Protein chains: 2
Amino acid sequence: MTLCELGEEKLLAQILPSLTKGAGVVPATGDDCAVVRFRAAKDYLLLKTDCVVENVHFRPAVSATAVGWKAMMRTLSDFAAMSGVPEFALITLIVPGDTKMQWVRNLYRGLNRAAARFQVAMVGGETSATVGSAAVIVSAAGRVEPKRCVLRRGGKANDDLFVTGVLGGSTRKRHLNFVPRITEARWLTQHFKINAMIDLSDGLGADLPRMAAASRLSFKLEKDSLPLSRGCSIEQAIADGEDYELLFAITREQRDKLERAWKKKFPRLALTRIGSFRSKIESRNSKLPSGYVHFQQRR
Amino acid sequence: MTLCELGEEKLLAQILPSLTKGAGVVPATGDDCAVVRFRAAKDYLLLKTDCVVENVHFRPAVSATAVGWKAMMRTLSDFAAMSGVPEFALITLIVPGDTKMQWVRNLYRGLNRAAARFQVAMVGGETSATVGSAAVIVSAAGRVEPKRCVLRRGGKANDDLFVTGVLGGSTRKRHLNFVPRITEARWLTQHFKINAMIDLSDGLGADLPRMAAASRLSFKLEKDSLPLSRGCSIEQAIADGEDYELLFAITREQRDKLERAWKKKFPRLALTRIGSFRSKIESRNSKLPSGYVHFQQRR
């Protein structure tokens, strides 16, 4: 069987449980960042690596500055998902030997701008030649207070589900210049008890089932409530992906206070209730949905 | 200008100084690991990323288990260079979609074995498709006591230069199954004051001038003293690279004690004095040597 036939999710599901674990690792397998303890530090240490690959995550014609911005922000968005604060980043650059220096300089300009936006220090780099597509890998370390660390697995039955911003159509441009919702996530956990959270990188149709599965719950999605990007359909909002918005679960009791406080703090950014978590028993489908395909089948 | 014409060293020299830095970063630009402070932890946090790329660092025919071992150990060797203890690792796997699952499983077997050898926890993974060569990127985090953190820059004039093990010929097999000198480095800084250290990944001919440059010193290499791998010439010991042995600088006063204690602790591993650091003024060459080319010119 090849990787294409199996898919990334199943590959990681096969491999991750068998990996060597240690005493300092906080159980959060499959979450956006790894959560570990570092010596006697009170905060958890968060670790994350992500990559952008030419012809997969960006087309060769895209400006190198935009590629750099995207590479950094994809990794930082995973810190937002856990209410973490990214602090340090390392860059691995794998490019053909005939790559122009100007392209590399522009790439680093984009990486640098994105890092500076969140006061992330770029502390090292590694480069290698390759034959084929260019790849930029950003590895980052950061912190989160244990009480404010939000995992995918913490959702409760009857929790409200909220998303920030609008969904769909990101592939037209926004996937290259988005700003991860780090500020918003930090504000959320400062003022509210968030039960579960994820950033919408693969799209609601993949990421909502993922968060539900981690919480061992089902969900009810109110499709007509979805906040749509201009000109986008409900289907696009569910399936396009690369929104990099937050999806989170929070008890119903906090709903009114949350909506009022959000409007005051972030008047320009939508916050929309799109459904709720359900216990597995309440759900009509005995098997949890596992991706966008499922949504299509239900329609 | 292309990357091939410029070379990695000059590329990083151009780019690294311009990177965004923050308050928590300990100045160690160009060192093997990035050295940062994490919250109130007494130990420094060490961060490092490194990669192996098909057709560059390994041939397609090499077993995936060996590729995994090498990918992990390359990164861990940089912790040895700073007397650090690696603790956590993240894997990014970039492979063509038609890669066989068995290859991936074997790769992870090698990564896992190598991580387990030093009690490193593999805490996360990311995969992406690509067109072209496979690449395995290992990012690791670890720790070192500030007093035992050894940089490249700390060498003093008249320091003895020592190397562990034997040099040369690694490309025949050893580059795939080497064990980084983490245990040895930790022992060294527990018992001795080591002024500067580096792991020999690019070969003595590149790495010794690097350490000298970082320390703003020149060096005298006693070529006839070089510990040679079986069947290797002095030239190969200098130029082959991928030895992953330690090269370090230590004051002359500690020489006798070091040699005696080493023989007792590591009776099967050679420790060889190969020369000494010199002040720039003492040196005949006004310009510091910058790589193996220089050695060829002097011969």
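See the structure above.
Given the structure is predicted, the values throughout are model-derived calculations rather than measurements. Starting from 1, residues in each chain are numbered consecutively following that chain's sequence as written. Think of it this way: whatever chain is written first is A, whatever ligand is written first is 1, and the rest follow in order. Since the coordinates come from a predicted model, pLDDT governs what is reported: local features require at least 70, and pairs of side-chain atoms require 80 or more to be given and counted, while whole-chain, interface and lining totals use all residues. Side-chain figures throughout are based on the complete set of non-hydrogen atoms in the structure, without hydrogens or water.

Caption draft 1: Helix H5 (residues 182-191) of chain B, seen in detail. Residue and element names in this part refer to chain B. When you tally the buried positions in H5, you get 7 out of 10 residues, the bulk of the element. Residues Ile182, Glu184, Ala185, Arg186, Trp187, Leu188 and Thr189 constitute the buried set of H5. Considering only its buried residues, H5 is in contact with helix H3 (64-81), strand S4 (85-95), strand S6 (135-144), strand S8 (196-199), strand S10 (246-250) and helix H8 (255-265). Relative accessibility thresholds used throughout: buried, under 20% of the residue-type maximum; exposed, over 50%; partly exposed, between the two (1.4 Å probe, protein chains only). Here a helix means four or more residues in a row that DSSP labels H or I, a strand means two or more in a row labelled E, and each is numbered from the N terminus. A contact between two residues is defined here by any heavy atoms of the two lying within 4.5 Å.

Caption draft 2: Looking closely at empty space enclosed by the protein. Lining residues are defined by having an atom within 4 Å of a point belonging to a cavity or pocket. Those points lie on a 1 Å grid over the protein atoms alone, cavities being sets where a 1.4 Å probe fits but cannot get out and pockets being open sets with protein on both sides within 12 Å along at least five of seven lines. Grid points are joined across faces, edges and corners, and a volume is the space filled by probe spheres set on the points. Counted by the stated rule, this structure contains 2 cavities of 30 Å³ or more. The computed volume of the largest cavity comes to approximately 100 Å³. Leu47, Ser139 and Ala140 of chain A together with Leu47 and Ser139 of chain B are, among the 14 residues lining the largest cavity, the residues nearest its centre. Put simply, the parts of the chain that give the lining of the largest cavity at least two residues each are strand S3 (44-53), strand S4 (85-95) and strand S6 (135-144) of chain A together with S4 and S6 of chain B. Charged means Asp, Glu, Lys or Arg here, nonpolar means Ala, Val, Leu, Ile, Met, Phe, Trp, Tyr, Cys or Pro, and polar covers whatever is left, Gly included. For the lining of the largest cavity, the residue count by class is 11 nonpolar, 2 polar and 1 charged. Estimates place the volume of the second largest cavity at around 50 Å³. Here the lining of the second largest cavity is built from residues that sort into 6 nonpolar, 4 polar and no charged.

Caption draft 3: How the structure looks around the relation of the copies chain B and chain A. In this comparison the copies share one frame, found by least squares on the C-alpha atoms of residues holding pLDDT of at least 70 in both. Superposing chain B onto chain A takes a rotation of 180° plus a shift of 0.0 Å along the axis, which leaves an RMSD of 0.0 Å. On this basis, the relationship between the two copies can be described by a two-fold rotation axis. Of the C-alpha atoms belonging to chain B, the one lying closest to the rotation axis is found on Gly132 of chain B, 2.2 Å away. Residue by residue, 100% of the interface of chain B is reproduced at the interface of chain A, so both copies engage with the same surface.

Caption draft 4: Representation of the sheet that holds strand S5 (residues 121-129) of chain A in the model. All names here are of chain A. Each pair of strands is called paired provided DSSP finds at least two bridges between the two strands. In space, the 6 strands of this open sheet follow the order S1-S2-S3-S6-S4-S5, with mixed pairing throughout. At either margin of the open sheet sits one strand with a lone partner, and together these are strand S1 (25-26) and S5. Relative to S6, S3 is paired through 10 bridges, and the arrangement is antiparallel. From the neighbouring strand, Leu45 faces S6, where its bridge partner is Arg143. Fitting a line to C-alpha atoms yields each axis, with helices limited to the stretch in contact; the angle taken between N-to-C directions then spans 0 to 180 degrees. Running at roughly 145° to S3, helix H3 (residues 64-81) makes contact with S3, S4, S5 and S6 of the sheet. Sheet strands in contact with helix H4 (residues 101-117) are S4, S5 and S6, and its direction is about 165° off that of S4.

Caption draft 5: Molecular detail of the packing of H3 of chain A against H4 of chain A. All names here are of chain A. Packing of H3 against H4 leaves a shortest axis separation of 6 Å and a crossing angle of 40°. The angle between H3 and H4 falls in the class oblique. The chirality of how H3 crosses H4 is right-handed. Across from Ala64, Thr65, Val67, Gly68, Trp69, Ala71, Met72, Met73 and Leu76 in H3, the residues of H4 making contact are Trp103, Asn106, Leu107, Arg109, Gly110, Leu111, Arg113, Ala114, Ala115 and Arg117. Looking at side-chain class alone, the contact of H3 with H4 contains 12 nonpolar, 4 polar and 3 charged residues. An angle below 35 degrees is read as roughly parallel, one above 145 as roughly antiparallel, one from 65 to 115 as roughly perpendicular, and any other as oblique. Each crossing is labelled by how the near helix is turned from the far one, with a counterclockwise turn of less than a right angle marking it left-handed and a clockwise turn marking it right-handed.

Caption draft 6: Representation of the pattern of salt bridges within the structure. In the sections that follow, a salt bridge refers to a side-chain nitrogen of Lys or Arg positioned within 4 Å of a carboxyl oxygen of Asp or Glu. Under the defined criterion, the tally for this structure stands at 38 salt bridges over all chains. Here Glu184 of chain A and Arg181 of chain A are joined by a salt bridge, their closest N and O atoms 3.9 Å apart. Using a relative accessible area of 10% as the deciding quantity, one classes Glu184 of chain A as buried. Here Arg273 of chain B ties to Glu222 of chain B by a salt bridge, and the two come within 3.2 Å at their closest N and O atoms. Residue Arg273 of chain B is found in strand S11 (residues 271-278), and its partner Glu222 of chain B is found in the loop between strand S9 (218-221) and helix H7 (234-239); the two are separated by 51 residues along the sequence. Its relative accessible area of 19% is what places Arg273 of chain B among the buried residues. Where salt bridges share partners, they join Arg174, Arg181, Glu184, Asp243 and Glu245 of chain A into one cluster.

Caption draft 7: Local environment of the sheet that holds strand S3 (residues 44-53) of chain B. Residues and elements named next belong to chain B. Strand order in the open sheet made by the 6 strands is S1-S2-S3-S6-S4-S5, with mixed pairing throughout. This sheet does not close on itself; its edge strands, each paired only once, are strand S1 (25-26) and strand S5 (121-129). Examined bridge by bridge, S4 and S5 share 8 bridges and lie parallel to one another. Bridge pairing links Ile94 to Ser128 in S5. The strands touched by H3 within the sheet are S3, S4, S5 and S6, with S3 carrying the most contacts at an inclination of about 145°.

Caption draft 8: Quick peek at the packing of helix H2 (residues 8-15) of chain A against helix H4 (residues 101-117) of chain B. Between H2 of chain A and H4 of chain B, the shortest axis-to-axis distance is 11 Å and the interhelical angle comes to 40°. On the basis of the axis angle, H2 of chain A is oblique to H4 of chain B. Helix-helix and strand crossings are classified by hand; for H2 of chain A and H4 of chain B the assignment is right-handed. Contacts from Leu11, Gln14 and Ile15 of chain A in H2 of chain A reach Met101, Val104, Arg105 and Tyr108 of chain B in H4 of chain B. In terms of residue class, the contact of H2 of chain A with H4 of chain B is made up of 5 nonpolar, 1 polar and 1 charged.

Caption draft 9: Up close: the interface of chain B and chain A. Listed per partner, the contact involves 72 residues of chain B and 72 residues of chain A. What counts as buried area is the accessible surface, traced by a 1.4 Å probe, that two parts surrender upon association, with contributions from both included. For the chain B and chain A pair, buried surface summed over both sides reaches about 5,900 Å², with 68% attributable to carbon and sulfur atoms. On the surface where chain B and chain A come into contact, there are 4 salt bridges. A salt bridge links Lys48 of chain A to Glu126 of chain B; its shortest N-O distance comes to 3.0 Å. For this analysis, a polar contact is any N or O atom pair within 3.5 Å, provided that within protein one partner can donate a hydrogen and the other can accept it, and provided that sequence-adjacent residues contribute only side-chain to side-chain pairs. The tally of links from chain B across to chain A stands at 9 residue pairs in polar contact (both at pLDDT 80 or more). Of all the secondary-structure elements, those providing two or more residues to the side of chain B that touches chain A are helix H1 (3-6), helix H2 (8-15), strand S2 (34-36), S3, S4, H4, S5 and S6 of chain B. Across the side of chain B that touches chain A, the residue classes break down as 38 nonpolar, 21 polar and 13 charged.

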